[in-house]
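Here's the letter readout for the chains.
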Amino acid sequence: QAAVTQIAEGRRLVASQLDGTTRELADAAYTDPGAMTGLFERLDEELADMGPALTQEDFLAAQEAGRQNIIVGAATSLLDRGDVDGAEEILSVPGILENLDAGTARRIRSRVATQRLELDKAARAGLAKIEEFRAIMGRDPDAGERLRIAGISSTGGKTLAQKVGEFESVVGRPATAGEVQ
C-alpha cells in the first residue's frame with residue numbers, strides 16, 4: 001500500500017514537472033518564435049533528464065504534447081503580431097503538422113485563413129481609398145497623403161521613417177512596400 005502511494009506520488013511529481021516545463025517552453029516560443037527548433041532540443045534534453053522516471057509511453061506522450069505546445073506558442077505569437085506569413089511558414093515546415101493533433105491544426109489553420117482574409121480585405125480597402133483619392137484629385141497621393149489615408153496624421157514635423165514606425169506600431173506588423181509609399 002505504501003509503495004503504491006509512493007509510486008503514485010512520484011508520477012504526480014513527474015507530471016507536474018512536465019507540465020511546468022512544457023508551459024515554460026511554450027511561453028518561450030511565444031516570446032521568440034524563431035527559437036522553436038532550439039526549444040524542441042531543450043524539450044528533448046529535459047525529457048532525457050527525466051528518462052528514468054518515465055515509461056517509454058509517458059516519454060513519447062510528453063514529447064508530443066511539448067512539441068505541440070511549442071508550435072502553438074510560436075504560431076500564436078506570430079498571428080498575434082499580424083505575421084500571417086510567418087505562421088504559414090511554420091506550418092509548412094516538414095513534420096510540423098504531424099506534431100499537432102487534428103483539432104489544434106484546424107484551429108491554427110482557421111486563424112491563419114481568417115487573418116489572411118482580413119489582411120486582404122484591409123489591403124483592398126486601402127487601395128480603394130487611394131483610387132478614390134486619384135479619382136478626386138486626378139493624381140497619385142504623395143507619401144504624406146498616403147499616411148493620412150491610412151489614418152495617420154502627417155502633422156508634427158515627423159519624418160517618413162517616424163510615420164512608418166507609428167503606422168507599424170498601430171497595425172502591429174511591418175509596413176509593406178506599398179503602404180510605405
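Note that this is a predicted model, so its numbers are computed, not measured. (Residues numbered from 1 in each chain as written. Predicted model: local features only at pLDDT ≥ 70, side-chain atom pairs only at ≥ 80, totals over all residues. Heavy atoms only, no water.)

## Description of the overall build of the chain
Condition: A helix here means a DSSP run of H or I that spans at least four residues, while a strand means a run of E at least two residues long, and both kinds are numbered starting from the N terminus. Under the scheme applied here, a residue whose accessible area is under 20% of the maximum for its type counts as buried, over 50% as exposed, and between as partly exposed, the area being computed with a 1.4 Å probe on protein chains only. Each accessible area value is a Shrake-Rupley result obtained with a 1.4 Å probe; residue values ignore everything except the protein chains displayed when judging cover.
When helices and strands are tallied, the chain shows 8 helices and 0 strands. Scored against the burial criterion, the 181 residues of the chain give a buried share of 31%. Total accessible area computed for the chain in this model is approximately 11,100 Å², and 55% of it derives from carbon and sulfur atoms.

## Topic: helix H5 (residues 102-137)
Our working rule: Here the expected span of a helix is defined as 1.5 Å times the quantity of residues minus one. Pairs of residues are marked as contacts when any of their non-hydrogen atoms sit within 4.5 Å. Counting of polar contacts relies on pairs of N or O atoms within 3.5 Å, with two restrictions inside protein: one atom must be capable of donating a hydrogen and the other of accepting it, and residues adjacent in sequence are counted only when both atoms are side-chain atoms.
Under the 1.5 Å per step criterion, the end-to-end length of H5 is 52 Å for 36 residues, consistent within 8% with the ideal 52 Å. For H5, the complete set of buried residues consists of Gly103, Thr104, Ala105, Ile108, Val112, Gln115, Ile130 and Phe133. On the buried face of H5, the contacting elements are helix H3 (56-80), helix H4 (84-92) and helix H6 (143-149). The N-terminus of H5 is capped by Asp101, whose side-chain oxygen sits 3.1 Å from the backbone nitrogen of Gly103.

## As for the packing of H3 against H5
Inclusion rule: For every element, the axis is a line fit to its C-alpha atoms; helices are fit only across the contacting stretch, and the angle between N-to-C directions ranges from 0 to 180 degrees. To sort the angles, those under 35 degrees are grouped as roughly parallel, those over 145 as roughly antiparallel, those from 65 to 115 as roughly perpendicular, and the leftovers as oblique. Side-chain classes follow a simple rule in which Ala, Val, Leu, Ile, Met, Phe, Trp, Tyr, Cys and Pro form the nonpolar group, Asp, Glu, Lys and Arg form the charged group, and the remainder, Gly included, forms the polar group.
It is the contact of H3 with H5, at a shortest axis distance of 11 Å, that shows an interaxial angle of 10 degrees. For the element pair H3 / H5, the angle class is roughly parallel. In this structure, H3 uses Gln68, Val72, Ala75, Thr76, Leu79 and Asp80 to contact H5, whose residues at the interface are Thr104, Ile108, Arg111, Val112 and Gln115. Class assignment for the residues of the contact of H3 with H5 results in 5 nonpolar, 4 polar and 2 charged.

## A short note on the pattern of salt bridges
Selection rule: A pair is scored as a salt bridge if a Lys or Arg side-chain nitrogen falls within 4 Å of a carboxyl oxygen belonging to Asp or Glu.
Scanning all chains against the criterion turns up 8 salt bridges. Where Glu88 meets Arg116, a salt bridge forms, and the shortest distance between an N and an O atom there is 2.7 Å. One end of the pair, Glu88, is in helix H4; the other, Arg116, is in helix H5, with 28 residues separating them in the sequence. Across the salt bridge formed by Arg134 and Glu131, the nearest N and O atoms sit 2.2 Å from each other.

## Side note on the packing of aromatic side chains
Counted only if it meets this: Stacked, tilted and edge-to-face are the three classes applied to pairs of Phe, Tyr and Trp rings, where Trp contributes its six-membered ring and a pair requires centres within 6.5 Å; stacked means planes under 30 degrees apart, edge-to-face means over 60, and tilted covers the rest. Only when the NZ atom of a Lys or the CZ atom of an Arg is both within 6 Å of the ring centre and within 35 degrees of the ring normal do we say a charge sits over the ring.
Evaluated as defined, the whole model comprises 0 aromatic pairs. Above the plane of the ring of Phe40 lies Arg67, whose end atom (NZ or CZ) is 4.7 Å from the centre.

## Here we look at the nonpolar core
Rule in force here: Definition of nonpolar core: a set of buried residues of the types Ala, Val, Leu, Ile, Met, Phe, Trp, Tyr and Cys, connected through side-chain atoms within 4.5 Å.
Membership of the largest hydrophobic core comes to 26 residues, with the highest contact counts inside it found for Met36, Ile70, Ile71, Ile90 and Val112. Secondary structure elements with two or more residues in this core: helix H1 (2-31), helix H2 (36-49), H3, H4 and H5. Sorting elements by how many residues they give to this core places H3 first, with 7 residues. Beyond its immediate stretch of four places on either side in the chain, Val112 contacts Leu79, Val84, Ala87, Glu88 and Leu91.

## A few points about the layout of surface pockets
Keep this limit in mind: Residues are called lining when one of their atoms sits within 4 Å of a cavity or pocket point, these points coming from a 1 Å grid over the protein atoms alone, where a cavity is a set in which a 1.4 Å probe fits but cannot get out and a pocket is an open set with protein on both sides within 12 Å along at least five of seven lines. Grid points are joined across faces, edges and corners, and a volume is the space filled by probe spheres set on the points.
Approximately 890 Å³ is the volume found for the largest pocket. Ala123, Phe167, Arg173, Thr176 and Glu179 are, among the 34 residues lining the largest pocket, the residues nearest its centre. Looking at the lining of the largest pocket, the elements that each hand over two or more residues are H4, H5, H6, helix H7 (160-171) and helix H8 (177-180). Sort the elements by how many residues they give to the lining of the largest pocket and H5 lands first, with 13 residues.

## Notes on H4
This is how it is decided: Arc, as used here, means the arc of the directions from the helix axis to the C-beta atoms.
Three or more residues of H4 are buried, namely Val84, Gly86, Ala87, Ile90 and Leu91. The arc enclosing the buried residues of H4, seen along the axis, measures out at 165 degrees, which places them on a common side. Exposed side of H4, more than 90 degrees from the buried face: Asp85, Glu89 and Ser92 are the residues found there. Lining the buried residues of H4 we find H2, H3 and H5.

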